[in-house]
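Given next are the chains, with one letter for each unit.
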Amino acid sequence: MPDGMTATSTSDLRRDLAAAYRLIAHFGMDDGIYTHISARLPDGPEGDKRFLLNPYGLRFDEVTPDNLVTVDETGAVIDDPYGAGVNEAGFTIHSAVHMARHDAVCVLHTHTVAGVAVSSVQEGLLPLNQWSAQFFGQIVFHDYEGIALNLEERARIVADLGDKRVMLLRNHGTLLLGRSVAEAVKYAINLERSCKAQVAALSMGLTPVVLPDDVAAHTAGQYARAYDKMEEQGGRDPEWAALLRLLDAKIPGWAG
Ligand SMILES: [Zn+2]
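Computed from a predicted structure; not experimentally measured.

## Details of the overall build of the chain
Here is step 1: When helices and strands are counted, the chain shows 8 helices and 8 strands.
Here is step 2: Taken over C-alpha atoms, the radius of gyration comes to 18 Å for the chain, in line with the 18 Å a tight globule of 256 residues would show.
Here is step 3: Overall, the C-alpha framework of the chain stretches about 55 × 40 × 30 Å when taken along its three principal axes.
Here is step 4: Taken over 256 residues, the chain has a buried fraction of 49%.
Here is step 5: Expressed as a percentage of contacts within the chain between residues at least 6 apart in sequence, the contacts between residues at least 24 apart total 69%.
Here is step 6: Looking at the chain, you have 22 positive and 34 negative side-chain charges, and the mean spots of the two groups are 5 Å apart.

## Section: the layout of surface pockets
Here is step 1: By volume, the second largest pocket amounts to about 220 Å³.
Here is step 2: Lining the second largest pocket are 14 residues, with Gln-134, Gln-138, Arg-165, Tyr-187 and Ala-224 sitting closest to its centre.
Here is step 3: Tallying contributions element by element places helix H7 (residues 213–232) first for the lining of the second largest pocket, with 5 residues.
Here is step 4: Split into classes, the residues belonging to the lining of the second largest pocket amount to 6 nonpolar, 3 polar and 5 charged.

## Quick look at the coordination of the zinc ion
Here is step 1: Coordination of the zinc ion by the protein is provided by His-109 (NE2), His-111 (NE2) and His-172 (NE2), with metal-donor distances spanning 2.0 to 2.1 Å.
Here is step 2: By relative accessible area, which is 24% here, His-172 ends up partly exposed.

## Some words on the pattern of salt bridges
Here is step 1: Applying the stated rule across the entire model yields 11 salt bridges.
Here is step 2: For the salt bridge of Arg-15 with Asp-16, the shortest nitrogen-to-oxygen distance reads 2.9 Å.
Here is step 3: Taking the shortest distance from any N to any O, the salt bridge between Glu-62 and Arg-59 comes out at 3.4 Å.
Here is step 4: Arg-59 sits in the partly exposed class, given a relative accessible area of 42%.
Here is step 5: In the salt-bridge network here, residues are joined through shared partners; they are Arg-40, Asp-43 and Lys-49.

## Digging into empty space enclosed by the protein
Here is step 1: For the coordinates displayed, the defined rule picks out 2 cavities of 30 Å³ or more.
Here is step 2: Put simply, the second largest cavity is a space of about 40 Å³.
Here is step 3: As for the second largest cavity, its lining consists of Met-29, Thr-110, Thr-112, Gly-115, Thr-174, Leu-176, Ala-188, Leu-191, Glu-192 and Cys-195.
Here is step 4: Only strand S8 (173–178) and helix H6 (181–201) provide two or more residues apiece to the lining of the second largest cavity.
Here is step 5: With 4 residues, the top contributor of residues to the lining of the second largest cavity is H6.

## Side note on the environment of His-36
Here is step 1: Summarising the element assignment, His-36 is placed in the loop between helix H1 (10–26) and strand S1 (37–40).
Here is step 2: When the C-alpha positions of His-36 and Tyr-21 are compared, they lie 8.5 Å apart, and in sequence the two are 15 residues distant.
Here is step 3: Contact partners of His-36, with chain neighbours within four places excluded, come to Tyr-21, Leu-53, Asn-54, Phe-60, Asn-87, Gly-90, Phe-91, His-94, Val-107, Leu-108 and His-109.
Here is step 4: For His-36, the side chain forms a polar contact with the side chain of Asn-54, separated by 2.9 Å.

## As for the nonpolar core
Here is step 1: In this structure, Tyr-21, Ile-37, Leu-108, Val-181, Val-185, Leu-191 and Trp-240 are the most contacted members of the largest nonpolar core, which totals 50 residues.
Here is step 2: Each residue touching Leu-108, except ones within four places of it in the same chain, is listed here: Ile-24, His-36, Ile-37, His-94, Thr-174, Leu-175, Leu-176, Ala-184, Val-185 and Ala-188.
Here is step 3: In this structure, Val-107, Leu-169, Leu-175 and Leu-177 belong to the second largest nonpolar core, which totals 11 residues.

The rules behind each value
- Residues numbered from 1 in each chain as written.
- Predicted model: local features only at pLDDT ≥ 70, side-chain atom pairs only at ≥ 80, totals over all residues.
- Heavy atoms only, no water.
- Helix = DSSP H or I, 4+ residues; strand = E, 2+ residues; numbered from the N terminus.
- Rg over C-alpha atoms; globule rule 2.2 N^0.38 Å.
- Buried < 20%, exposed > 50% of the residue type's maximum accessible area, 1.4 Å probe, protein only.
- Contact = heavy atoms within 4.5 Å.
- Lys, Arg positive; Asp, Glu negative; His and termini not counted.
- Charge placed at Lys NZ, Arg CZ, Asp CG, Glu CD.
- 1 Å grid on protein atoms, 1.4 Å probe; cavity = no way out; pocket = protein on both sides within 12 Å on 5 of 7 lines; lining within 4 Å.
- Points joined across faces, edges and corners; volume = space filled by probe spheres on them.
- Nonpolar A, V, L, I, M, F, W, Y, C, P; charged D, E, K, R; others polar.
- Donors = N, O, S within 2.8 Å, 3.2 Å for Na, K, Ca; no water.
- Salt bridge = Lys/Arg side-chain N within 4 Å of Asp/Glu carboxyl O.
- Polar contact = N/O pair within 3.5 Å; in protein donor to acceptor, adjacent residues only side chain to side chain.
- Core = buried A, V, L, I, M, F, W, Y, C linked by side-chain atoms within 4.5 Å.

Right, here's the structure in full:
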């Protein structure tokens, strides 16, 4: 079991990861067949690394626990129930992060309009509200270098990430690491709301009130303690349970 990985069964991990795809789609945070959410499985018998990823070409709202593909750290397919393979190039960034950050069970990448917008301004995310204050001092940046993710850029992404869990990819989108799938999804939802609120607040032509650093830092600490408590339960907190019930209510049979 990777460092920091909670005792989650493989079937729970498949269910949670499929739920992550469905929830990101439900909240309008997907981008066609692009971007990925990956989850790290416990190591195989030889210490081999294994990850779950979406089948190539499926929309996020078509992902189920049973059609997730198992790949190794290079993106090579180990198990592929659906038979469409994976987007190997798209997995390269996830692979690099997973191999460097064993505390991350889930790596979640988005291209949302609000996320791309905030990643595209020098100031990045401002502490303008409770959603964004939770990320105060927690966000790192990686400059855009083009679509191709070569080995050198992978190393720079890992170096830029350091020990943080939230990255704004300049002019590109967001990258989130979760100690559980649930944590990554909650970060993504809250970061998206933060970015939308910032775009809205700065579009009125009025003067924004930016929270003082000490208040923002205090708020970030409060959130961090709450997230830590959730992870003590493997990410299975009431909010995640409520999100799963949302899927059950909106999409009967989504989990197969
Ligand atoms: Zn991307």
